[in-house]
Amino acid sequence: MTDADGANVLFVVLDTVRKDHLSVYGYDEPTTPHLAEFAEEAAVYDQAVAPAPWTLPVHASLFTGLYPSEHEATQENPYLEGATTLAESLSAAGYDTACYSSNAWITPYTNLTAGFDDQDNFFQVMPGDLLSGPLARAWKAMNDNDALRGIADRLVQLGNKVHEHLAEEGGGDTKTPQVIDRTMDFVDDSEQFFAFVNLMDAHLPYHPPEEYVEEFAPGVDSTEVCQNSKEYNCGARDIDDEEWEDIVGLYDAEIRHIDDQLDRLFTHLKETDQWEDTMVVVCADHGELHGEHDVYGHEFCIYDPLVNVPLMVKHPEMDAGRDDETTVELVDLYHTVLDATGASGRGRALDERRSLLSADYRDFAEPAAEGADVGRGEVGFVEYHQPVVELRQLEGKASAAGIELDTDSRFYSRMGAARTPEGKYTHNTRIPDEAYRIDEDPGETEDLIGDDDPLLADLRDALFTFVDEVDADWPDEADGADGEVLDEMDETARDRLQDLGYID
């Protein structure tokens with residue numbers, strides 16, 4: 001355990017930021033000059049692996065040290081329950097705790113904000129105060145009830161429609177400056193803090209401030225490019241190379257805006273003499289695809305641009321520099337923060353083999369699978385559960401365009417992967433498994449399923465050993481069903497929902 005118990009902690013998640021679009025990781029556009037400065041005093045990891053490709057399960061893992069199948073916060077069960085969070089542990093240890101975000105999943109109704117003394121999600125459609133108390137309990141009740149679950153899904157779809165409307169009109173200004181302002185106020189008022197922030201600019205839709213558009217996407221009108229990934233993914237909308245270039249330019253502009261805002265926060269900590277006493281973690285929860293593998297967004301697959309994420313950590317006991325060999329699982333950051341603060345894990349206890357501050361980091365004695373030449377510490381695992389809400393949106397876009405989706409496709413598949421810096425094995429339901437030598441084929445373009453590669457065979461065995469260890473409820477095939485709840489309701493209830501606008 002570290003001797004630096006009691007350090008302040010600033011934990012920053014760059015939502016939807018892919019590693020290869022950060023200049024600190026070698027991107028040829030100047031998206032992150034300030035993070036490059038930060039990296040000079042931080043450990044920078046090339047082989048960090050997210051446990052899932054989207055916000056809710058990843059943040060639940062960050063906050064609990066559990067894999068998605070263990071904490072069960074997925075779209076099938078869209079909230080965290082029965083697990084003690086990192087914030088609860090740090091609060092019990094005397095820390096002031098705060099969570100600021102503009103991500104609608106990081107709210108009281110998902111229970112991800114449990115343990116934070118202060119929280120705000122700055123959500124334009126439904127402010128944070130409305131997502132707590134009775135409404136949070138009602139949300140949970142709807143999702144727990146088979147007859148009401150469909151209503152909860154429809155509420156999410158309604159919110160998405162409002163979000164789409166704002167996106168089409170170029171609305172929904174960035175909330176990042178407000179998040180940064182609130183964070184600075186919080187740390188200034190605290191003697192010992194755990195501040196968690198999620199910055200959403202790089203998440204669709206992309207409407208960066210004009211000064212950044214001029215630098216990275218000059219002349220591009222953000223309301224004229226495709227900002228709805230479901231339209232593209234279902235085949236209702238085509239995107240040519242020129243439009244992809246415009247979309248990527250807007251995405252890069254959003255990242256540069258985040259970089260400038262983070263510099264504002266880091267500079268404030270330095271000017272107020274808080275920087276040296278603060279451990280700083282910067283990572284992404286997942287990345288984004290812009291047409292690779294014919295996918296837009298971060299649903300329906302677990303390719304590396306989504307799950308091999310950026311990670312930088314500053315701490316006095318960590319050597320600054322680049323690490324391009326060590327597999328780091330984001331679930332390990334839970335243990336790293338416990339170690340840095342000296343807090344007792346009131347949920348999952350500290351495992352020093354999972355703390356980046358420990359000399360024994362990833363020193364697991366056992367192999368990844370029986371008889372495998374790959375050690376457990378070399379492998380990162382990814383899970384993608386049944387995509388209920390995203391699938392419903394996709395089906396809606398397809399239906400409106402007169403397109404019938406193939407149910408034997410990645411859209412209806414559950415997925416899991418075992419990954420090392422050299423290779424990756426992905427098991428899918430409904431479609432064939434995939435295997436790649438990412439040391440030779442980082443773009444995952446040559447599927448090696450069926451080839452006699454001992455590493456990929458070891459990773460296949462490691463994945464199914466992991467599935468058993470976390471007691472994953474892995475279906476023979478994911479059917480995307482969330483219940484035809486309307487058929488079970490009486491006419492009065494159906495009429496009332498129609499009056500409220502939840503059904504047509």
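Note that this is a predicted model, so its numbers are computed, not measured.

**As for the overall build of the chain**
Helices and strands together make up the secondary structure of the chain, namely 15 helices and 15 strands. In the chain, the proportion of contacts linking residues at least 24 apart, taken out of those at least 6 apart, comes to 70%. Approximately 20100 Å² of the chain is accessible, and the part contributed by carbon and sulfur atoms is 42%.

**Details of the sheet that holds strand β13 (residues 415–419)**
Picture the strands of a sheet paired through backbone hydrogen bonds; they go either parallel or antiparallel. Spatially, β12-β13-β14-β15 is the arrangement adopted by the four strands of the open sheet, whose pairing is antiparallel. On the outer flanks of this sheet lie β12 (380–384) and β15 (434–436), each paired with one strand and no other. Each strand of the sheet is rotated relative to its neighbour by a mean of 10°, with strand direction disregarded. Across five bridges, β13 lies against strand β14 (residues 424–428) in antiparallel orientation. Across the sheet, residue arginine 419 finds its bridge partner in β14, namely lysine 424. The strands that helix α14 (residues 454–469) touches are β12, β13, β14 and β15; relative to β14, the one it contacts most, it runs at about 50°.

**Observations regarding the packing of aromatic side chains**
For the structure shown, the criterion picks out 18 aromatic pairs. A centroid spacing of 5.8 Å and a plane angle of 65° characterise the contact between phenylalanine 63 and phenylalanine 116, whose relative ring orientation is edge-to-face. Residue phenylalanine 63 is found in helix α2 (residues 55–64), and its partner phenylalanine 116 is found in the loop between β3 (96–101) and β4 (118–120); the two are separated by 53 residues along the sequence. With a relative accessible area of 2%, phenylalanine 63 lands in the buried category. Taken together, a centroid distance of 5.0 Å and an interplanar angle of 85° make the contact between tryptophan 244 and tyrosine 296 edge-to-face. Pair noted here: tryptophan 244 is in helix α10 (residues 241–271) and tyrosine 296 is in strand β8 (residues 296–297), with a separation of 52 residues, a long-range link. Since its relative accessible area comes to 0%, tyrosine 296 is described here as buried. Ring-pair connections join several aromatic residues into one group, and the members of that group are Phe11, Phe63, Phe116, Phe194 and Phe196. Positioned above the aromatic ring of tryptophan 275, the side-chain terminus of lysine 270 is 4.9 Å from the ring centre. Above the plane of the ring of tryptophan 275 lies lysine 314, whose end atom (NZ or CZ) is 4.7 Å from the centre.

**A short note on α10**
Across its 31 residues, α10 extends 45 Å between first and last C-alpha, which sits within 8% of the 45 Å expected from 1.5 Å per residue. The opening residue of α10, the one whose side-chain oxygen lies 3.2 Å from the backbone nitrogen of glutamate 242, is aspartate 240. Remark: aspartate 273 follows α10 within two positions and exhibits a positive phi of approximately 60°.

**Let's talk about the pattern of salt bridges**
Once the charged atoms of two side chains with opposite charge are near each other, the side chains can pair. Evaluation of the coordinates by the stated rule reveals 26 salt bridges. Linking glutamate 231 and lysine 397 is a salt bridge whose minimum nitrogen-to-oxygen distance equals 3.8 Å. A residue pair is termed long-range when its members are at least 10 positions apart, and glutamate 231 in helix α9 (residues 229–233) and lysine 397 in helix α13 (residues 388–400) qualify at 166 residues. Residue glutamate 231 is classed as partly exposed on the basis of its relative accessible area, which comes to 24%. Measuring nitrogen to oxygen at the nearest pair gives 3.5 Å for the salt bridge that ties aspartate 260 to arginine 256. Taken as a pair, aspartate 260 and arginine 256 lie in helix α10 at a separation of four residues, close to a single helical turn. For arginine 256, a relative accessible area of 15% translates into the label buried.

**Considering a negative patch on the surface**
Taken together, the side chains of Glu37, Glu40, Glu41, Asp273, Glu276 and Asp277 make up a negatively charged region of the molecular surface. Of note, glutamate 41 is situated in the loop between α1 (33–39) and β2 (43–49). Taking relative accessible area as the criterion, glutamate 41 reaches 32% and is therefore assigned partly exposed.

**Some details on the side chain of aspartate 332**
You can see aspartate 332 is positioned in helix α12 (residues 332–341). Only 3.0 Å separates the side chain of aspartate 332 from the side chain of arginine 362, close enough to count as a polar contact. When sequence neighbours within four positions are dropped, the list of residues in contact with aspartate 332 reads Arg354, Tyr361 and Arg362.

**Remarks on the packing of helix α7 (residues 176–188) against α10**
At a minimum axis separation of 10 Å, α7 and α10 run at an interaxial angle of 15°. Taken together, the axes of α7 and α10 are roughly parallel relative to one another. Here the hand of the crossing between α7 and α10 comes out right-handed. Across from Thr176, Pro177, Ile180, Asp181, Thr183, Met184, Val187 and Asp188 in α7, the residues of α10 making contact are His257, Gln261, Arg264, Leu265, His268 and Leu269. By residue class, the composition of the contact of α7 with α10 is six nonpolar, five polar and three charged.

**Some points on the pairing of β14**
Along β14, five of the five residues are buried, which leaves the element largely enclosed by surrounding structure. In textbook terms, the turn of a hairpin is the stretch between consecutive antiparallel strands, and for β13 and β14 this stretch comprises four residues. Relative to β15, β14 runs antiparallel, the two being bridged by three bridges. Each residue of the ladder has a partner; that of lysine 424, found in β15, is tyrosine 436. Linking β14 back to β15 in an antiparallel pair, the connection comprises five residues, with arginine 430 at a positive phi of about 75°.

**Describing the nonpolar core**
Membership of the largest hydrophobic core comes to 121 residues, with the highest contact counts inside it found for Phe11, Phe194, Phe266, Leu311 and Met312. Not counting residues within four places of it along the chain, the set of residues in contact with phenylalanine 266 comprises Leu10, Leu35, Phe38, Trp275, Val280 and Val282. Membership of the second largest hydrophobic core comes to 22 residues, among which are Tyr67, Leu463, Val470 and Ala472.

**Looking at the pairing of β2**
Within a regular beta strand, the side chains point alternately toward one face of the sheet and then the other, so they alternate between its two faces. Most of β2 is tucked away: seven of the seven residues are buried. As defined by bridge partners, β2 adjoins strand β9 (residues 308–314) across five bridges and the pair is classed as antiparallel. Across the sheet, valine 49 pairs through a bridge with asparagine 308, a residue of β9. As judged from the three bridges shared by β2 and strand β10 (residues 321–323), these two strands associate in the parallel manner. Directly across from alanine 43, in β10, lies its bridge partner glycine 321. In terms of strand pairing, β2 meets strand β11 (residues 328–329) through two bridges, oriented parallel. When the bridges of β11 are listed, valine 49 appears paired with glutamate 329.

What counts and how
- Residues numbered from 1 in each chain as written.
- Predicted model: local features only at pLDDT ≥ 70, side-chain atom pairs only at ≥ 80, totals over all residues.
- Heavy atoms only, no water.
- Helix = DSSP H or I, 4+ residues; strand = E, 2+ residues; numbered from the N terminus.
- Contact = heavy atoms within 4.5 Å.
- Areas by Shrake-Rupley, 256 points an atom, 1.4 Å probe, with all protein chains shown as cover.
- Pairing = 2+ DSSP bridges.
- Axes fitted to C-alpha atoms, helices over the stretch in contact; angles between N-to-C directions.
- Phe/Tyr/Trp six-rings, centres within 6.5 Å; stacked < 30°, edge-to-face > 60°.
- Buried < 20%, exposed > 50% of the residue type's maximum accessible area, 1.4 Å probe, protein only.
- Lys NZ or Arg CZ within 6 Å of the ring centre and 35° of its normal.
- Expected span 1.5 Å × (residues − 1).
- Polar contact = N/O pair within 3.5 Å; in protein donor to acceptor, adjacent residues only side chain to side chain.
- Salt bridge = Lys/Arg side-chain N within 4 Å of Asp/Glu carboxyl O.
- Patch = residues over 30% accessible without salt bridge, like charges linked within 9 Å, V, L, I, M, F, W, Y side chains within 5 Å.
- Lys, Arg positive; Asp, Glu negative; His and termini not counted.
- Charge placed at Lys NZ, Arg CZ, Asp CG, Glu CD.
- Parallel < 35°, antiparallel > 145°, perpendicular 65-115°, else oblique.
- Left-handed = near helix turned anticlockwise from the far one by under 90°.
- Nonpolar A, V, L, I, M, F, W, Y, C, P; charged D, E, K, R; others polar.
- Core = buried A, V, L, I, M, F, W, Y, C linked by side-chain atoms within 4.5 Å.

So yeah, pure geometry; function would need other evidence.
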